[in-house]
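In case you want the letters, here they are:
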Amino acid sequence: MIFRQLFEPLSSTYTYLLGCEETVASIIIDPVIDAVDRELALLAQLQLRLEYSVDTHVHADHITGALVLKQKVGSKIAAPAIERLPCVDVGLEDSRAFRLGSVELQPMHTPGHTDGHFAYVCGGRAFTGDALLIDGCGRTDFQNGDSTALYRSVRERLFALPDDCLIYPGHDYNQRRVSTVAQERARNPRLGGDRTLDDFVRLMAELNLPYPKFIDHAVPGNRRCGVCPEEMPEKLDVYCKQMEHSPQG
Ligand SMILES: [Fe+2]
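Only a predicted model underlies this, so the values are computations on that prediction, with no experimental measurement involved. The numbering scheme is per chain: residues are counted from 1 as the chain's sequence reads. Restriction of local features to residues with pLDDT of at least 70 applies here, the model being predicted, together with a cutoff of 80 or more for giving and counting side-chain atom pairs; totals for whole chains, interfaces and linings are based on all residues. The basis for every side-chain value is the complete set of heavy atoms in the structure, and neither hydrogens nor water enter the calculation.

Participant: Help me understand the packing of helix α3 (residues 147-157) against helix α5 (residues 197-205), please; the structure alone is not making it clear to me.
Facilitator: Pairs of packed helices are described in terms of their axes, by the angle between the two and the distance that separates them. Axes here mean lines fitted to C-alpha atoms, for a helix over just the part in contact, with angles spanning 0 to 180 degrees between N-to-C directions. Counting from the N terminus, the helices are the DSSP runs of H or I reaching at least four residues and the strands are the DSSP runs of E reaching at least two. Two numbers describe how α3 lies on α5: the axes approach to 9 Å, and their chain directions differ by 130 degrees. One element, α3, and the other, α5, form an angle in the oblique class. With respect to the hand of their crossing, α3 and α5 are arranged in right-handed fashion. The segment α3 lies against α5, with Ser147, Thr148, Leu150, Tyr151 and Arg152 engaging Leu197, Phe200, Val201 and Met204. Residues are grouped as follows: nonpolar covers Ala, Val, Leu, Ile, Met, Phe, Trp, Tyr, Cys and Pro; charged covers Asp, Glu, Lys and Arg; every other residue, Gly included, is treated as polar. Of the residues that constitute the contact of α3 with α5, the class distribution is six nonpolar, two polar and one charged. Our angle categories are set so that under 35 degrees counts as roughly parallel, over 145 as roughly antiparallel, 65 to 115 as roughly perpendicular, and the remainder as oblique. Whether a crossing is left-handed or right-handed is set by the direction in which the near helix is turned from the far one by less than a right angle, anticlockwise for left-handed and clockwise for right-handed. Contacts are assigned to residue pairs with any non-hydrogen atoms lying within 4.5 Å of each other.

Next comes the structure, spelled out in structure tokens:
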């Protein structure tokens, strides 16, 4: 499998490209609208055909590139069926494998950061979105977030994956790129070790995080699979402008 991890610096989002070497078909997980041109340049460089974009959840901090990719190269949009987004071509369901050539994703419903959040397991890799981050996890105070649900999603499902399964998160704010199930299970400061459900619920309730600055634009835009709002405060324009990128991607 051809595999690339791409970083979008504005929202510190990781986007993942998974390609089948035989059929040259590919899937992109969690593309960001302002990085679409970079992703298309990389696809061209790797001579891959983009068949699907797949989102882990309805993001609050950036707008998905799913719809723009569809408009530019005809890729289909896949997302958790539970979100019931009318713009989605393929609704993904828990434990129902999604295959494209030699690439097979196992969708795993992992609610808690949002109620419709999914992780995707592909061979020895797990794309954990914002359910499980390296040494952290996504917040649980918006979009029907639920700390109890997140604790169970991570401890009962993601931590049940094999020790050496690689964890590829949806974000990282400290230049970390990959972890493993064993590492997060042992030392994730929020969810690992002997952290109890009560500890975790209390910890999340006491975070007192600021209101996300882009959420009021991002969520409605993402429920339309990636539409930038017509009227957006000037300082937020940058979320919808194409980022600078090198020709090498
Ligand atoms: Fe998120």
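Participant: Please explain the pairing of strand β11 (residues 166-169) as it appears in this structure.
Facilitator: A regular strand carries its side chains on alternate faces of the sheet. For two strands to count as paired, DSSP must find a minimum of two bridges between them. As paired strands, strand β10 (residues 125-129) and β11 are joined by four bridges and run parallel to one another. Each bridged residue has a counterpart across the sheet, and for glycine 129 the counterpart in β11 is proline 169. Crossover β10 to β11 through α3 is right-handed. Whether a crossover is right-handed depends on one test, that the path from the first strand over the helix to the second runs clockwise when the strands point away from the viewer.

Participant: Even after reading the chapter, I still don't get the state of the cysteines, so can you show me in this structure?
Facilitator: Each disulfide is one covalent bond, formed between the sulfur atoms of two cysteines. In what follows, a disulfide is any cysteine sulfur pair within 2.5 Å. Scanning the model with the defined rule gives two disulfides in all. A sulfur-sulfur distance of 2.1 Å marks the disulfide that ties cysteine 87 to cysteine 225. Across the disulfide from cysteine 87 to cysteine 225, rotation about the S-S bond amounts to roughly 75 degrees, and the bridge is consequently right-handed. One end of the pair, cysteine 87, is in the loop between β5 (76-80) and β6 (90-92); the other, cysteine 225, is in the segment after α6 (215-222), with 138 residues separating them in the sequence. To sort residues, take the accessible area from a 1.4 Å probe on protein chains only and compare it with the maximum for the residue type: under 20% means buried, over 50% means exposed, and anything in between is partly exposed. Exposure remark for cysteine 225: the relative accessible area of 3% places this residue in the buried category.

Participant: How do you make sense of the coordination of the iron ion when you look at a structure like this?
Facilitator: Under ideal tetrahedral coordination, the four donors around a metal are separated by 109.5 degrees; under ideal octahedral coordination, the six donors are separated by 90 or 180 degrees. Each metal site lists N, O and S donors within 2.8 Å (3.2 Å for Na, K and Ca). With water left out of the atoms, a site can look as if it is missing ligands. With distances of 2.1 to 2.3 Å, the protein atoms coordinating the iron ion are His57 (NE2), His113 (NE2) and Asp130 (OD). Going along the chain, you hit the donors of the iron ion in the pattern H-x55-H-x16-D. One end of the pair, histidine 57, is in the loop between β4 (49-54) and α2 (66-73); the other, aspartate 130, is in the loop between β10 and α3, with 73 residues separating them in the sequence. Relative accessible area serves as the criterion here: at 6%, aspartate 130 is assigned to the buried category.

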